Structures are given as structure tokens and as C-alpha cells.
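# A look at the structure
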Amino acid sequence: NSFVTRTNTCGELCSAHVGQEVTLYGWIQYQRQGLFLVLRDFQGLTQIIIPQDEARSHVKKLLSNAPVESVVRVTGIVSPRPPGQENPKMPTGDIEVKAETAEILNSCKKLPFEIKDFIKKSEALRMQYRYLDLRSFQLQYNLRLRSQIVMRMREYLCNLHGFVDVETPTLFKRTPGGAKEFLVPSREAGKFYSLPQSPQQFKQLLMVGGLDRYFQVARCYRDEGSRPDRQPEFTQIDIEMSFVDQAGIQRLIEGLLQYSWPEERGCITTPFPSMTYKEALADYGTDKPDTRFGMKIMDISDFLQRSDIQFVQNALSYPHGTVKAICIPQGVRYLKNKDLESLKESAKSQFNQEIMEIICKPDGSLKSLFTKFLGEKQQSELIQALNMQVDDVVLLAAGEYKQVCSALGSLRLESAGLLEAAGLVLRDPMTFHFLWVVDFPLFLPKEENPTELESAHHPFTAPHPSDTSLLYSDPTKVRSQHYDLVLNGSEVGGGSIRIHSAEQQRFVLEKVLKEDSEVLSHLLEALEFGAPPHGGIALGLDRLISLIVDAPSIRDVIAFPKSFRGRDLMGNAPDYVTPEELELYHIQVSWPLAEKEAKQN
């Protein structure tokens, strides 16, 4: 309460304060028949007794007529609540304040929605009146916890481990690869700045500059259009170190998270388990596995290799053909026929993958179109291979390896959602399973043109030391020194050891990625002036906090987020500017195109 005119907050008064005169400031949360009201501030609630005597009739009139959510000052005496009227659910539930004087500091007009967490309101309305939504207990909790975690991270990095907090520029130039960047016009005709999607180049240049250990709570920007649960501007904990290897970065991050982890979320155990990209794809069908539950993907190609089932043999004849399956425990009990049909339709529409189900009946026999191709002995061996129990449902897929893995990985998560909707608990949101995923490929075929390559991470990632020679002979087989940190099936961090040789960096850009290296001439030149070996990582702060507090969306841990279309519904941004203002930047708007885009949105 230093620097302000209140004596206490609304969340701290208790029996020890009985008899004291206090001055409280806050919002009226609730008022009942002119008898009492509940005053709320950032720390909690206090019950205020409205005086009923004639001498303070003006105070009664003032407080009885004040609309809910009006801002008031109340001065009064702390008193114990009458016996039997204590409220053990409130931290201040043993006391009440008998008002002696009061002042309405600002009256509140009719609200667009009630400021209560349990009241359902549309997200669009919440975004439009974000300043009101911020008064809710949950958003207050989320933002304060976020602030505490970031402060602990600063302590760990700067005070305990000698990192330097450096702010890097927001206005820069377009860089090759990665997500689309926002453009900012300049007064030089035809020239534009770019908002960086991360401080990647700057943090590498800081290592060339000899800063050794860099850290920043960095604002980043990506023009990704209408992607649900993504933000065009977001925050990451950005880190870079010189003379470090992959294991060193991993140890640093494990220590950082352990130090900053909120006590109320329990302890996290280090070191975190690690898994290669190949293992993640084979067992979970994704590079960000949720390891809180089983239902791993099983490979039954070898078992079926001997069968004469035509569609199986067709699948296995592909260069990367496979037959894989997942087993849904107690699927018969928890899933309806329409659920199974929905799963099969999902695999077909998203991955163009046919799925066949196999059900284990109460007598231990199998029910499936598939089993008519198998004898009794083969069926028994299949049950054993899949570890099937009575009432289990197996989803089987045959085809190209990556497609089959991705389809079953998606069905694994969808099945878990259906089982949980039916009452089975598989993924406890208060259990935190961290996982390192390592040994990613350095390059991947481009989706739009598979004969060309793009960086799996970004073009500055160094090849795995064992694969360096392959970079020049067969780049598709090169593993990278890239590592991702996964929490409960969401990627919360990603980093790599960087290329610190100008020659190797130029080769990757020009020969492998077919990019114009001139755009990065400043970085390439810097690497020629004694660049140290270096590496780093960035943690997605918004995603990490949303998982810690179990928020349904990252928008619930950001004070002023954009809508999923990238709009600020409160301030109505982006907005039009006049032709006169655009003239400074040598820009003219093509209105037919603008109108067409407005109609699409």
C-alpha cells in the first residue's frame, strides 16, 4: 500500500485488524438491498456494511444507489462478523467493514456483460470490452502469474548466470524462409521495413560482438493470417550463448523452468526425457508428442508381411510402405458407432488415409472386415501383437509411412478427446510432461514443389557433426542440431546450434536452399570476422503460460490479444488511413482489390 492513499487492500483484512479504521478503494461487485455490498480490488473481496442510522443516511443513499462496478472509496471500522455469518470461502470471511464515510469516484454505466468468471460471454464481446474482461479473477490471476514467472526467469538468467538483457530492433529487413513478415512502409519510394519474426540474426550478431550470453523478453511478429490460437504479435523468451553445445542449452532451460515454475503447480523433475524425431513420428505420429497417456502407434508390418491380404501387400510394396495401428482401450464401452465413423472420416478427409477398425468381442474373438483374411492362429497372434483386451478397438492403417503415422497420430489425439468426453480421464491438465525432441532432419521437401528443399527449422541451423559430409553429397539425409521442447503435446520452445562458418552458411543458402544470399550479406560478412561457435533457443511465453494455467486459448494469457483473424476488436485495428497520409510513403491503394478482400473477410 506504499505510494497510495488506501490503508489496506480488499484481500488482506482479517481478525487481527478488528477495531482498526481502514480506507479501502475498489469496485462494487455486489450490493444487497441497501444492507451491505462487496468491494473488490486486485487482491480480493471485502464485505462492507452500509450504515442504517439517520446520522449517516447520506452514506447509505450513496452506496445503495451506486451501480455495480462503480469505483468507490470507503472508510470504516473493521468488525468481526456475527457468529454463524463467517464465510470460510473468503480470505476476508471472518470480518466486515462498517462504513463511516464513502465517496463515488466514478459511476459505472450499464455493462455489456457481468464481470463474473462463470458468466458465459462471446469471445468477440470479451475482446471488444477487454478492459472490462481484465477485471475477472481468472485474467487477473493469469497476468499476475505470467509477470511472476518472467521476473523469476530474469533473476535466473541475469543474476545467477550472467546473461545480458539486450533489446534488439523491431524495424529490420525481409529475411528468406520461415513465416510471412509484416511490412512497414518507409518514406523512400518502394522501400519497406519488415517486422522480425524473431531476433534470430541480431542475437547471432551479438555473439559475434562478444556478449557471450544474451537474453530478451522479445516481441515477435508473423503475418500468418487467420490461424486459430495464433497471434500476429507474440512474446518469446529469447536466449543465445557462445561456446555451448546442445546438452548445455538443454540443461540451462531445464534449470530455468525449474527455478521459475510456480509452486502451486507442483514440482517438475529434471532432466527432461529426450526422443528423436524419428521415434516421435513412429510412436506418436507427430513431432510434438503428448506423453501423458499411452495408445502408442504399433508397427505390424512384419507380422502381416507373411499374409496374402491384397491391400496390405499393395501398401508394403511402396518404397516407404507400412502397416500400423493404435489400440483404443475400452473403446467399445466408451465410443459409439458414430464416433468410430467420425474418426475414419477424419483420417480420410485430412490425410486421404483409409482406416479399418478391429473390435475385441467379450468372447475374445475379433470382429472386423479385416479378420476374414486371417485364420484362427493368425487372429490370436494379432491379438498378442496388438496387446488387445476385451472391448478394445484397434484402428489400422496401411500405406505410405509418413502419411500413415500422421493419420494415426491425429486419430490418437481425437480418440483421447472422445474417451475423455465419455468420462475417462487420460490427460490431466495439471500433470506436466516435458520432452526434448532432437535429431530433426536439416531440410524437408517443399510442399508446393517436393523436388526443392526448405529448412526444417531455419537456414542458420548447423548440421549434426556426424552428418556434415552428407551436406555436400546428399542434403536430404542430414540431421540437424535442432531441438524442440514439448509440453503436454504442445511445442513450447525451439532452438539449435548455429552455423558459425561463413562458407558453410553460404553453401546452405545458395546451393541447397537456392536463396539469394545477398539479402544476408551482413550476417555472412560478420561470420568471417571471428564468429564463435554459438547456439540458442526461444521459449514461446504465451503458449507456456496458457498450459501452466490450463487456459483454453493463448488469448487468455495476453492482456490485449488480437482476434483469430488478427484484428483488434476494441480499437478496431487495422484501420484505413487517408490517401494524403499514404502519399508520404509513395503508396496507393487498389480499391477493387481491397473491396474484394473485405468481402472475403
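Owing to the predicted nature of the structure, the values given are computational and were not obtained by experimental measurement. (Residues numbered from 1 in each chain as written. Predicted model: local features only at pLDDT ≥ 70, side-chain atom pairs only at ≥ 80, totals over all residues. Heavy atoms only, no water.)

## Concerning helix H6 (residues 246-260)
Filter applied, for reference: The helix count covers DSSP runs of H or I at least four residues long, the strand count covers runs of E at least two residues long, and both are numbered beginning at the N terminus. For a helix, the expected span equals 1.5 Å multiplied by the number of residues minus one. The rule is simple: take the accessible area with a 1.4 Å probe, protein chains only, and divide by the maximum for that residue type; under 20% is buried, over 50% is exposed, in between is partly exposed.
Between the first and last C-alpha of H6 there are 21 Å, a value that for 15 residues agrees with the 21 Å anticipated at 1.5 Å per step. By the criterion of burial, H6 is predominantly enclosed, with 11 of the 15 residues buried. Buried within H6 are the following residues: Gln-246, Gly-248, Ile-249, Gln-250, Leu-252, Ile-253, Glu-254, Gly-255, Leu-256, Leu-257 and Ser-260.

## Some words on the sheet that holds strand S20 (residues 482-487)
Strands in a sheet are paired, the pairing made by backbone hydrogen bonds, and the direction either parallel or antiparallel. Note the threshold: The pairing criterion for strands is at least two bridges between them, as found by DSSP. Contacts are residue-level and defined by heavy atoms, with any inter-residue pair within 4.5 Å sufficient. Note on definitions: angles span 0 to 180 degrees between N-to-C directions of axes, and those axes are lines fitted to C-alpha atoms, for helices only across the stretch in contact.
An order of S6-S9-S10-S22-S21-S20-S17-S11 is seen for the eight strands of this open sheet, with the pairing classed as mixed. Two strands bound the open sheet, and with one partner strand each, they are strand S6 (164-165) and strand S11 (274-276). Across three bridges, S11 lies against strand S17 (residues 434-438) in parallel orientation. The residue bridging Ser-274 from the neighbouring strand is Trp-436, located in S17. Its contacts with the sheet place helix H5 (residues 200-208) against strand S9 (213-221), strand S10 (233-242) and strand S22 (534-540), and it is angled at close to 25° to S10. Contacting S11 and S17, helix H7 (residues 277-284) crosses the sheet at an angle of about 85° to S11.

## Quick look at a nonpolar patch on the surface
To keep it simple, the criterion reads: Two distance rules govern patches: like charges are joined within 9 Å, and nonpolar side chains (Val, Leu, Ile, Met, Phe, Trp, Tyr) within 5 Å, applied only to residues with over 30% relative accessible area and no salt bridge. Under the convention used here, a 1.4 Å probe and the Shrake-Rupley method define accessible areas, while residue burial counts only the protein chains that appear. When a carboxyl oxygen of Asp or Glu is within 4 Å of a side-chain nitrogen of Lys or Arg, the pair counts as a salt bridge.
Together, Tyr-131, Phe-560 and Met-570 give the surface a local cluster of nonpolar side chains, amounting to about 300 Å² of exposed area. The residue Phe-560 is located in the loop between helix H17 (541-548) and helix H18 (579-583) in this model.

## Here we look at the environment of Arg-230
Counted only if it meets this: In protein, a polar contact means a hydrogen-donor-capable atom and an acceptor-capable atom, both N or O and within 3.5 Å, with residues adjacent in sequence counting only if both atoms are side-chain atoms; elsewhere, any N or O pair within 3.5 Å suffices.
Examined against the element boundaries, Arg-230 turns out to sit in the loop between S9 and S10. Look at Arg-230 and you get partly exposed, because its relative accessible area is 32%. The contacts of Arg-230, once residues within four sequence positions are left out, are Glu-224, Arg-543 and Ile-554. Among the polar contacts made by the side chain of Arg-230, one reaches the side chain of Glu-224 at a distance of 3.1 Å.

## Here we look at the nonpolar core
Stated formally: The nonpolar core is taken to be a set of buried Ala, Val, Leu, Ile, Met, Phe, Trp, Tyr and Cys residues, with the residues joined through side-chain atoms within 4.5 Å.
Judged by nonpolar contacts, the single largest core of 50 residues is most densely connected at Ile-239, Ile-253, Leu-257 and Leu-485. Broken down by element, this core gets its largest block of residues, six residues, from helix H4 (residues 137-161). Val-323, Ala-325, Cys-327 and Ile-383 belong to the second largest nonpolar core, which has 22 residues in total.

## Thoughts on the side chain of Ser-496
Assignment of secondary structure puts Ser-496 in strand S21 (residues 490-497). Within the local environment of Ser-496, its side chain forms a polar contact with the side chain of Arg-498, the two groups lying 2.7 Å apart.

## Considerations on the sheet that holds strand S16 (residues 393-400)
Reading across from one edge, S12-S13-S16-S14-S15 is the order of the five strands in this open sheet, with antiparallel pairing throughout. Only two strands of the sheet have a single partner each, and these edge strands are strand S12 (298-299) and strand S15 (366-367). Pairing of strand S14 (residues 356-360) with S15, which is carried by two bridges, proceeds in the antiparallel orientation. For Cys-360, the partnering residue across the bridge sits in S15 and is Leu-366. Seen against the sheet, helix H13 (residues 401-421) touches strand S13 (321-328) and S16 and runs at an angle of roughly 10° to S13.

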